[in-house]
Amino acid sequence: MSSLSASSSSAREKWKQLKILLKESNTNYENGVDFHRKEAHRFDQLRKLFTSLIANGELNFRRNGNNQEVEEEQDAKQKWNAHLQTQYNVYIDQLCDSIKHGNKYALRSMCGIIAVSCCQQHQKPQQPQEMRIRRVDVNLVHRMVDALSCVQEDNVASEMAKMAAAEFANPYVDGKYFVMKSIKRCSVEVYDLMQSKKEDVTVVADNLTTLLLLVDSIAPNQAHLDSNLSLLIPSSDSANNADDGADSTDDDDDESDDDDESDDDDDDSSTISNDTNTQSFKKQKTSHTTTKKKKQQKKKISFQSIAKFRKILQEAWLSVLRLPISSKLHKRALRHLPTNVLTQRIPSPLRFADFFSASFDIGCKNDDNDSTSGSGSTDVITSLLSLQGLFHLMTTQNLEYPKFYTSLYTLMSHSTVFHVKHRIQFCTLLTNCLMKSQMLPAYVIASFCKRLCRTCVCGGVPPSGSLFVLALVSNLLRRHGECACLVHRHVYNKSSKDKGNKKNDNDDNGMIMDVFDNETNDPAKSRALESSLWELDALEKHYHPAVSALAKTCGTEDNKTPPYDLDEFLLHTYKSLFEEERRWGGGGGGGGIENNTSKKKRKSRSVALAFHEPKTLFQEGDAFSGWLSVP
Amino acid sequence: MAKKRGSKRSLSSTPKGLPQKKARVVEASSSSHNPFEIAKSSNARSVKHHVHNRHVPGSSAPQSKLNPHTSALARSLKRRKDVLRQELLDKKKSNAFVDKRIGESGAAKFNMTQEDKMLARIVRERSRRSKRTARFALEDDDADGGGMTLTHGGKVIDESYNPQDHVILSDDDEDKYSGNLEKVDTELHFGGGAFDRAKRNSAESAYGPSSGAGGRELGDVYRSRKMELDEMIARKKMEKAERMKRKENQVETFEEMDESFKELASILQFRDKEKEHQKHAQAKKAGMLSKEDEEMEDWDREMKEYLFERKVKATDRTKTPEEIAQEEAKRLQELETKRLARMNNDFEDDDLSDISDDDTKNKRQQKKKKKRAIKKVKSAIKGPDELDSDDEDEDENKIEARFTSEGLVYVDKKGNIVKNPEDESDQDSSEETPTESDESDAESSSSSDEEDDGSSSFQTNDKSNLSVGMKVMGNYRLEHQFEGRENWYPGTISNVKTGDDGKVLYDVSYNDGDFEADMIPSNVRPIKKEKMKKKEAEEDIRKKKQLKAKVKARSSMPFVFEVPTTLEALHDMIATHASTGADASLVIQRIYAANSVRLNKNNKEKMQNFYDVLLRRFIAVGDAVHSSGDGGPDLGRYEQLNALTKILYKMAQDSPECAGAVWGRRLGIFQKALAKRLRDSELVSVDGCDDDEGQHFSAWPSTGTILLLRALGHIFPVTDKRHPVVTPALLLLGQTIAQAPVRSHYDLVAGLFCSGLMIEYTKGAKRFPPEALAFLAGVLRLFSLNAVEAASGIHLPTLEIAAKNPKFALMRRSVVAHAETSENAQTSLTQISLDKKMLSDQSMPTALICSTLKLVEIAVSNIDHSIGGSETEVMLEIHRSLLHIAQKSKRKSMPPIILKVIKNSLLVLSAGIKIDQARLPLNRRSGATTSELAVKSLAPRMEDPTRYAMSKDKNKSQTQAMHDRNRREYKREHKAAMRELRLDAAFIENERRKDRDKRDSKAREKRHRNFAWLEDQQAHMNEQVRMGGGLLSGGGTGAARAKAASAKLGIKKGGKF
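Residues numbered from 1 in each chain as written. Chains lettered and ligands numbered in written order. Predicted model: local features only at pLDDT ≥ 70, side-chain atom pairs only at ≥ 80, totals over all residues. Heavy atoms only, no water.

The name an unreviewed UniProt entry gives chain B is Nucleolar protein 14, with Ditylum brightwellii as the organism. The heading Subcellular location (unreviewed entry) in the UniProt record of chain B holds the text "Nucleus, Nucleolus". Heading Function (unreviewed entry) of the UniProt record for chain B holds this comment: "Involved in nucleolar processing of pre-18S ribosomal RNA. Has a role in the nuclear export of 40S pre-ribosomal subunit to the cytoplasm." (UniProt positions renumbered as here; feature names shortened; annotations may be inferred.)

Under an unreviewed UniProt entry, the name given to chain A is CCAAT-binding factor domain-containing protein, and the organism recorded is Ditylum brightwellii. Quoted verbatim from the Sequence similarities (unreviewed entry) field of the UniProt record, the comment on chain A reads "Belongs to the CBF/MAK21 family."

Structure follows, in structure tokens:
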């Protein structure tokens, strides 16, 4: 009892302390730096207090049902505990509030609290203390993520997310696991909210996506998962020595929990087609049974299984992507998915196909409907990135997407593709799609060649893009001999080639009409095979010497010349071409001193000069006369 | 070792490696034939039937007939011996004289008379000179050694000549006796008996009875022949006499006619031609000229034109740019030293010719007033670049004119004497010559005036004060002069005397040596005083001029400048020395002229730096054009730009590498700046929401930069396919157009300007700039009815941003509004200007669309027909955009004048390009050749066994065989030529050695003889000494004699004493 009295006296002090500390929170939030420092201190003090309380065992977390039973018992100790719990909850509320306002110290304190308040609620009371497995409290993490998702300001939110990811989620495997889990939970909640109340949840969705993007997609390997090192709350040795029964029950428990949630998920996801869902479920079930067998041998906690990890990753992403996220994040996600998520052997990657195809449609249809909300270039990028994802799925997961070439063809009509930052991805995609397959029909190749060249001529494509296109066209023409009619059409053989449409060819001496239809987005209807690549003639007159030279040779090569290495053409930009031209002249790109030395070394080319002495800056008959008023 | 070996070889031996067998071969060929050589020469294909003139391969030249048996080698050796040897012998001989004159040697010396000799000689000389002889010399002299060969019947008479083969008398001559007396004689003398007759009979039997003397006796023939000849001679003589007579007659008649012609000519000479001329002129006036005359008239006129055509003298050679630069620099240097000298009151060797003395004070004041007014105007409009200079000008505005010791001087507040800005305009150095001439005229006129004054005043002076020896001006022989003209010449009085009527008379001897006596005083006047006066006046003028010159020198701009190293330094310079834009240009011009690379190669670095400074100056001025317009006639920024362009051009011409390097660097800086602006633009406003910031920030280059790029097109050729400066510039422009987002009207103007630049750059070479055309199409789209349409045709990211901008969405509306509000817009089209004021103007959108349309037209006219068949593709977007904006709608259709322009552009476009017309398809693959198309034949190649030949070219194709044959032949010929040359050299060497041997042997012989004699003498002496003193007694004097006497004398110790 003495201990109890001692504890009660200390408890009284602590109670006082708690009261003081929790009270101060009522001051308003607009007091500047000084206030923030105080707040940070207060949160830290509280955290220390609660840490010590938890360490003492005075603060104990039980399941709700158990708690009520205990309350009925009216034990003093338990009462104290209950009281502490309420205080604790007040503290957590305060922290979440602070996080919502974008205070980093609150987040840090939150992380600290999460680290100490390990969850034991799943354990059955009859089990001895030593046998219980300590792990991260899911609810706390959920509250943190929820608070994070509510941060309003864009920049602050991203920074907070960055911090949470860097300090909490990424270093600890279990932290990551539970963060993903809570992201999923949050997004489901938000989705419900959106469906029911039609509220604008873009900010929340954005924040969640940002956080998910920042979280490393998966733990490195199984061995890493097995080791205790990367856990936030290392499981005790006893946990490893625990008997099979305890573990299996734990697993079962966990699984049921998971299943419940996935059921929720199922109910919520009305957009996702039922077929795929059930399929994926079946798969999940099968995978579960197999993992169960393995687990029985290896005795692991849920987050230590890589399969669970993969599953939660997939689900987190799927649930987030249902939300209406901003176009910028949309693009980021599109870029992130194929490289980081789809490659992680997630259980059912094909479930992302719908997302990709939907986002492609956003890109290509929007400029017909409303051009104000989605601008052309961003749309093109979205479509491009989604196509890339689709391509990945097609090649790795055997996705069937018959519209693919049509989509790609549609995308090409936007010459902005050659200007945007992701043009390299587009070019690689083109190369992969067109060059790697021998089986493509001739009309597809011809349409692509024709439209590519047309875009180069009409669309103000930079010389770098033109170079790439010409190299690609040259390679294609050589590989697909049946497209040779694009660059070479015999006058005499013409009639036999164009049997189908003699009506249009009402010419006598080998002249043909250009029947190519650039408006249609279906390669099959473009009639490119009946046309000729006149664009090459135009490109021969391009102002850039390299483009001109390449256009001249395009189509004249014989079969022996090796195809162009398209990767070389990918990296050209205006700047690189500019530098190259200057270097060619012997100018050198460096600064003054470097320039001098390098000039001495290099044989500088003699510079040709004009031989008409100018009388005035603007002369009669130049391109400016008539529209530029010059005295 | 080498030396030893060398010493072993005698001089006469030939060097190693030379063929030694030659001499032997020569001997052999002369004596007997080498069977191998014969075999070799007969290697040639034997001929079955010899056909004349047919060349048989392998057989040697025709002259081989001369000795068919000798080999080619032998022949060549012989030729060498004959020709080369001779040449060698004659090579250094100039005095070998062979008397080849006819009749001076041999028997002819005595047989020929002097006349005959002369005749023979002249015949020889003529025939030698005759060109016809060479024509029939069939064989070249070289081959047969230049010597004459005897022939008979066209065949060489040689040792191979076999007289039996040749019949001397060929009796198939039909007219064997024709004119050949000797033959007849021979026949007469050597018995014309039966033999002759028989022969004749045989001839008759062959050809029937011959004509003429066929049947007569020879004697008759002879007689009749003689008579005939006599007759002929007589006839000839008569003819000759007659001819002589006729000739005399003719000469006489000619002389007569000549005399009569003289009379005629004398009449002709004084004929009055005036009348004829007048007549002709009248006819011409009346237009009644005959056709012939008219033609002649034309001819005459043309002739006259040619006559009076300025005859261009051949000038000196054109000066090199270096020399021109040198001269210019020298001129400026001289002007500067003169100026400095004037400033320092140093007027030695200064003619002050450029100072006029007639400008008055009030004129100056007037000028000054005017200047003040101008200055006020100028201070109102002031550019930022000239700010500092204008500040100083304002200070200077408070200067006042003061007369000091140095003349009129302008003094500012601080009391410093400053330059007078007014004089600059009329003190340009280039205006020297006209003022100079004016002044000289003025001077001369004034002096003559004074002279006249002097003379008139002098007449009133006393007349007796002239004495002997005085210098005077005399009026030369007044009484003899026409109409009282006076000729005054300087002279001295040689004598003073008193005339009859008491008048004083002077004898004057003129300086030019003439003398005049008895001159009346009025005709003589002393010159001293006049001169004095003149001098005074001159001095006066001079002083005035000096003062003025000094003032001017102080106020004028220096002629020589140092090169400024920074832009700031240049601006300082301009601020201190120049007040107008033209002055600034002049300063730069002078900096360039004084420090050109052409003057000194060491200036290169300085000028390269200066070039960059100028580029920056250009940009600064160009930016000022944007911010505050042209700046009036004083600043004249556009004019400054023009001047700068010219200077840049000239400097580039001076050192192209420097210009290329500087421009390249500048472009690099532009590129970096553009990249930075593009990065910034992403941050400033993503969607053009925050207009306040977006207004100020522009990713497009400044006006100055774009103007500089315009100048680039003047300095470097834009038609090169690849140029180290122009191509990067094009890329830079392309990048700007494609990537710099359009946010304001300025951006649009800059974009249009850049597109114009790209079009201008590519115009000459008929290339096409896709970015510029896409930009134009996009700009046109901005004027379309609604935003959706606008967005559908825009391909460049630059304009996509603009299309979203609500500011540009109203463009069409504002065009319409502008057309409705202002009357001006309905009638005339507005042009874009680079001025900033323009941007906020109401008419901006209208001006934009007009300019764009105009530029489209220009672009179309450039692209037209230059690109194979693909103008359609190139212009497709522009065409569609034009169609779009030409659409009519109820409220927002374009104003009629703009619609007209659009339609006009469409017309131009459809005329230039052929939309929806059939074209020739591409035909790029080269067609397969017949050999490729042919079915591959696998049959073995058969050889015709009947035509078998051991040929080297057996298995080769025809062309290959020919080629090889040619090569072989060439090789053979080459080898032969080499061999010939080698043999020649060897032969010459051999001959030289032989000659030398011969020469040496003579000398050696002589030497040997001498040595032998000497040895003989020595031997004698030795023998005598050996014999003892007895034989040597009886010589010597003194001690020697005594010694000899004592018989102890001995030459050798071992003597027998």
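A. Broad picture of the overall build of chain A. Counting its secondary structure elements, chain A contains 27 helices and two strands. Of all 631 residues assigned to chain A, the portion counted as buried reaches 52%. Excluding contacts between residues fewer than 6 apart, the proportion of contacts in chain A whose partners are at least 24 apart in sequence is 73%. With an accessible surface of roughly 29,200 Å², chain A has 50% of that area assigned to carbon and sulfur atoms. (Helix = DSSP H or I, 4+ residues; strand = E, 2+ residues; numbered from the N terminus. Buried < 20%, exposed > 50% of the residue type's maximum accessible area, 1.4 Å probe, protein only. Contact = heavy atoms within 4.5 Å. Areas by Shrake-Rupley, 256 points an atom, 1.4 Å probe, with all protein chains shown as cover.)

B. Representation of the interface of chain B and chain A. The interface of chain B with chain A comprises 93 residues on the first partner and 89 residues on the second. Summed over both sides, the interface of chain B with chain A buries roughly 8,100 Å², with 62% coming from carbon and sulfur. A per-residue breakdown of the area chain B buries against chain A is headed by B:L922, B:R924 and B:R925, which together make up 11% of the total. Our count for the chain B to chain A interface comes out at five salt bridges. As a salt-bridge pair, A:D537 and B:R924 come within 3.5 Å of each other at their nearest N and O atoms. The tally of links between chain B and chain A comes to 27 residue pairs in polar contact (both at pLDDT 80 or more). When the residues that make up the side of chain B that touches chain A are grouped by side-chain class, the tally is 43 nonpolar, 26 polar and 24 charged. (Buried area = accessible area lost by both parts, 1.4 Å probe. Salt bridge = Lys/Arg side-chain N within 4 Å of Asp/Glu carboxyl O. Polar contact = N/O pair within 3.5 Å; in protein donor to acceptor, adjacent residues only side chain to side chain. Nonpolar A, V, L, I, M, F, W, Y, C, P; charged D, E, K, R; others polar.)

C. Layout of a nonpolar patch on the surface. Together, B:M296, B:W299, B:M303 and B:Y306 give the surface a local cluster of nonpolar side chains, amounting to about 450 Å² of exposed area. On the basis of relative accessible area, B:M303 is assigned to the partly exposed category, the value being 36%. (Patch = residues over 30% accessible without salt bridge, like charges linked within 9 Å, V, L, I, M, F, W, Y side chains within 5 Å.)

D. Representation of the pairing of strand β7 (residues 488-498) of chain B within the structure. All names here are of chain B. As paired strands, strand β6 (residues 471-475) and β7 are joined by five bridges and run antiparallel to one another. Paired with M473 across the bridge in β7 is P490. Where β7 lies against strand β8 (residues 504-510), seven bridges are found, and the strand directions are antiparallel. Counted as the bridge partner of V496 is Y506 from β8. (Pairing = 2+ DSSP bridges.)

E. The arrangement of the packing of helix α20 (residues 581-594) of chain B against helix α21 (residues 604-628) of chain B in detail. Residues and elements named next belong to chain B. Remark: α20 packs on α21, axes separated minimally by 12 Å, with the N-to-C direction vectors making an angle of 165 degrees. The angle between the axes of α20 and α21 places the two elements in the roughly antiparallel class. For the pair α20 and α21, the sense of crossing is left-handed. In this structure, α20 uses A584, I588, I591 and Y592 to contact α21, whose residues at the interface are M607, F610, L614 and R617. (Axes fitted to C-alpha atoms, helices over the stretch in contact; angles between N-to-C directions. Parallel < 35°, antiparallel > 145°, perpendicular 65-115°, else oblique. Left-handed = near helix turned anticlockwise from the far one by under 90°.)

F. Region of the structure containing the side chain of B:S881. All names here are of chain B. Along the chain, S881 falls in helix α37 (residues 871-886). Since its relative accessible area comes to 0%, S881 is described here as buried. Sequence-distant contacts of S881, that is, excluding residues within four places in its chain, are made with A777, L780 and R781.

G. Molecular detail of the packing of aromatic side chains. Counting across every chain of the model gives 14 aromatic pairs over all chains. Relative to A:Y405, the ring of A:F404 lies with its centre 5.7 Å away and its plane at 90 degrees, an arrangement referred to as edge-to-face. Judged by relative accessible area, A:Y405 falls into the partly exposed class, the value being 23%. With a centroid separation of 6.1 Å and an interplanar angle of 65 degrees, the aromatic rings of A:F618 and B:F753 are classed as edge-to-face. Of the two residues, A:F618 is situated in the segment after α27 (592-601) and B:F753 in helix α28 (residues 745-763); the pairing between them involves two chains. (Phe/Tyr/Trp six-rings, centres within 6.5 Å; stacked < 30°, edge-to-face > 60°.)

H. Representation of the confidence of the model for chain A. Scored by pLDDT, chain A has a mean of 71; 65% of the residues are at 70 or more. With pLDDT under 50 throughout, residues 236-299 of chain A is counted as low confidence; its partners more than four residues away or in other chains account for 69 contacts. (pLDDT = per-residue confidence, 0-100.)

I. Seen up close, the pattern of salt bridges. For the coordinates displayed, the defined rule picks out 37 salt bridges over all chains. In this structure, B:E991 and B:K994 form a salt bridge, with 3.5 Å as the shortest nitrogen-oxygen distance. Highlighted residues: B:E991 and B:K994, both in helix α40 (residues 958-1027), separated by three residues, approximately one helical turn. Here the salt bridges share partners, and the residues they tie into one network are A:K450, A:R454, A:D514 and A:E535.

J. Representation of the pairing of strand β9 (residues 515-519) of chain B within the structure. All names here are of chain B. In this sheet, β9 lies alongside β8 in antiparallel orientation, the contact comprising three bridges. Bridging across to β9, Y506 finds its partner in M519. Adjacent in sequence and paired antiparallel, β8 and β9 are bridged by four residues, among which G513 carries a positive phi angle near 95 degrees.

K. Representation of unusual backbone geometry. Unlike most non-glycine residues, A:R527 shows phi in positive territory, near 60 degrees. The residue A:R527 is located in the loop between α22 (494-497) and α23 (535-540) in this model. When its relative accessible area of 29% is taken as the criterion, A:R527 is described as partly exposed. Here B:K766, not a glycine, exhibits a phi torsion of approximately 60 degrees, which is positive. Positionally, B:K766 belongs in the loop between α28 and α29 (770-781).

L. Focus on a negative patch on the surface. A contiguous patch of negative charge, built from B:E248, B:E252, B:E255, B:E256, B:D258, B:E259 and B:E263, is present on the exposed surface. Inspection of the secondary structure puts B:E252 in helix α10 (residues 218-269). (Lys, Arg positive; Asp, Glu negative; His and termini not counted. Charge placed at Lys NZ, Arg CZ, Asp CG, Glu CD.)

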